[in-house]
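Next come the chains, spelled out residue by residue.
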Amino acid sequence: MSERAIYLCGFMGCGKTTVGKKLAKMLNKELIDLDAYIVEKEGMNIPEIFEKYGEPYFRAVETAGLKELAQEGGIIATGGGALLSDENGEVAKSAGLVIFIDTPFEVCYERIKDDPNRPIAFNSTEQELRERFNYRRPLYIRNSHFSVNGQGTSKAIALRIKDIYQGK
């Protein structure tokens, strides 16, 4: 049996990449960032993809990327919007184990509020981000197999995910 991929989802700043790095090391798997994968594959950054082709095109590429990466069997840190659609949720859930890192808004906000590399966060008010968070959270839950508490150290969160993955 091939190893199942592990998809990490959640709001911007919830810890997908940081936890993913720890988890990948614990499980001796590769960490793949879905957005970086898309940027490499398309040869342009995400704002350029949106500008040139539009969001529907980007979402189709994102869905294809989720399917392609499932074959890798690694840890996949999804973009903040990747698992908002039921289609992408079903793709990921059928291809691997989907874990929602459920980190409180206040923690995420502190991590992202001044980050110029996160245009949505950088150009949004705290209230706008809170509304986006509140809209997305139930979708993450619906499109995941499990939720883990995103508070605590990245190592502790990675250990919780490792236990879920290994059926403990």
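Since the structure is predicted, the reported quantities are computational estimates derived from the model, not experimental observations. (Residues numbered from 1 in each chain as written. Predicted model: local features only at pLDDT ≥ 70, side-chain atom pairs only at ≥ 80, totals over all residues. Heavy atoms only, no water.)

A closer look at helix H2 (residues 34–42)
Capping of H2 at its N-terminal end is provided by aspartate 33; its side-chain oxygen lies 3.1 Å from the backbone amide nitrogen of aspartate 35. Within two residues after H2, glycine 43 carries a phi angle of roughly 75°, on the positive side. (Polar contact = N/O pair within 3.5 Å; in protein donor to acceptor, adjacent residues only side chain to side chain. Helix = DSSP H or I, 4+ residues; strand = E, 2+ residues; numbered from the N terminus.)

Describing the packing of aromatic side chains
Overall, the coordinates contain six aromatic pairs when judged by the stated rule. Note on phenylalanine 11 and phenylalanine 133: the rings are 5.3 Å apart at their centroids and 85° apart in plane angle, and the pair reads as edge-to-face. In this pair, phenylalanine 11 is assigned in the loop between strand S1 (5–9) and helix H1 (16–27) and phenylalanine 133 in helix H8 (residues 126–142), connecting sequence segments 122 residues apart. Looking at phenylalanine 133, the relative accessible area reads 9%, which means it is buried. By the ring-pair criterion, three or more aromatic residues cluster together here, those being Phe11, Phe105, Tyr109 and Phe133. (Phe/Tyr/Trp six-rings, centres within 6.5 Å; stacked < 30°, edge-to-face > 60°. Buried < 20%, exposed > 50% of the residue type's maximum accessible area, 1.4 Å probe, protein only.)

Points about the nonpolar core
A general tendency of soluble globular proteins is for nonpolar side chains to be buried together. Counting residues in hydrophobic clusters, the biggest one holds 49 residues, and the most contacted among them are Ile6, Tyr7, Leu8, Phe11, Leu23, Leu129 and Ile161. Sequence-distant contacts of leucine 8, defined by excluding residues within four places in its chain, comprise Lys16, Gly20, Leu23, Ile75, Ile76, Ala77, Thr78, Ile99, Ile101 and Ile161. (Core = buried A, V, L, I, M, F, W, Y, C linked by side-chain atoms within 4.5 Å. Contact = heavy atoms within 4.5 Å.)

Overview of the side chain of serine 144
Considering the arrangement of structural elements, one finds serine 144 in the loop between H8 and strand S5 (146–149). For serine 144, a relative accessible area of 9% gives the class buried. At 2.6 Å, the side chain of serine 144 and the backbone oxygen of tyrosine 140 are in polar contact. Setting aside chain neighbours within four positions, we find serine 144 in contact with Cys9, Lys93, Val98, Ile99 and Phe100.

Thoughts on the environment of leucine 84
Mapped onto the fold, leucine 84 is located in the loop between strand S3 (75–77) and helix H5 (86–95). For the pair leucine 84 and glycine 15, spaced 69 residues apart in the sequence, the C-alpha separation amounts to 17 Å.

Structural notes on the pattern of salt bridges
Applying the stated criterion across every chain yields a total of eight salt bridges. We note a salt bridge from arginine 137 to aspartate 102, for which the minimum N-O separation is 2.6 Å. Placement of the pair is arginine 137 in helix H8 and aspartate 102 in strand S4 (residues 96–102), with a sequence separation of 35 residues. In this structure, arginine 130 engages glutamate 126 in a salt bridge whose closest nitrogen and oxygen atoms are separated by 3.6 Å. Of this pair, arginine 130 and glutamate 126 are both found in helix H8, four residues apart, which corresponds to roughly one turn of the helix. Through salt bridges with shared partners, one network takes in Glu55, Arg59 and Glu62. (Salt bridge = Lys/Arg side-chain N within 4 Å of Asp/Glu carboxyl O.)

Some points on the sheet that holds S5
Strand pairing within a sheet occurs via backbone hydrogen bonds; the two strands may be parallel or antiparallel. Here five strands make up an open sheet; going across it, the order is S2-S3-S1-S4-S5 and the pairing parallel. Every interior strand has two partners, whereas the edge strands, strand S2 (31–33) and S5, have only one. Strand-to-strand twist across the sheet, computed as the mean angle between neighbouring axes with direction ignored, equals 25°. Strand contacts of H2: S2 and S3, with the helix running at about 65° to S2, the strand carrying the most contacts. (Pairing = 2+ DSSP bridges. Axes fitted to C-alpha atoms, helices over the stretch in contact; angles between N-to-C directions.)

Looking at unusual backbone geometry
A positive phi angle, close to 55°, is found at asparagine 28, a residue other than glycine. Tracing the backbone through its elements, the reader meets asparagine 28 in the loop between H1 and S2.

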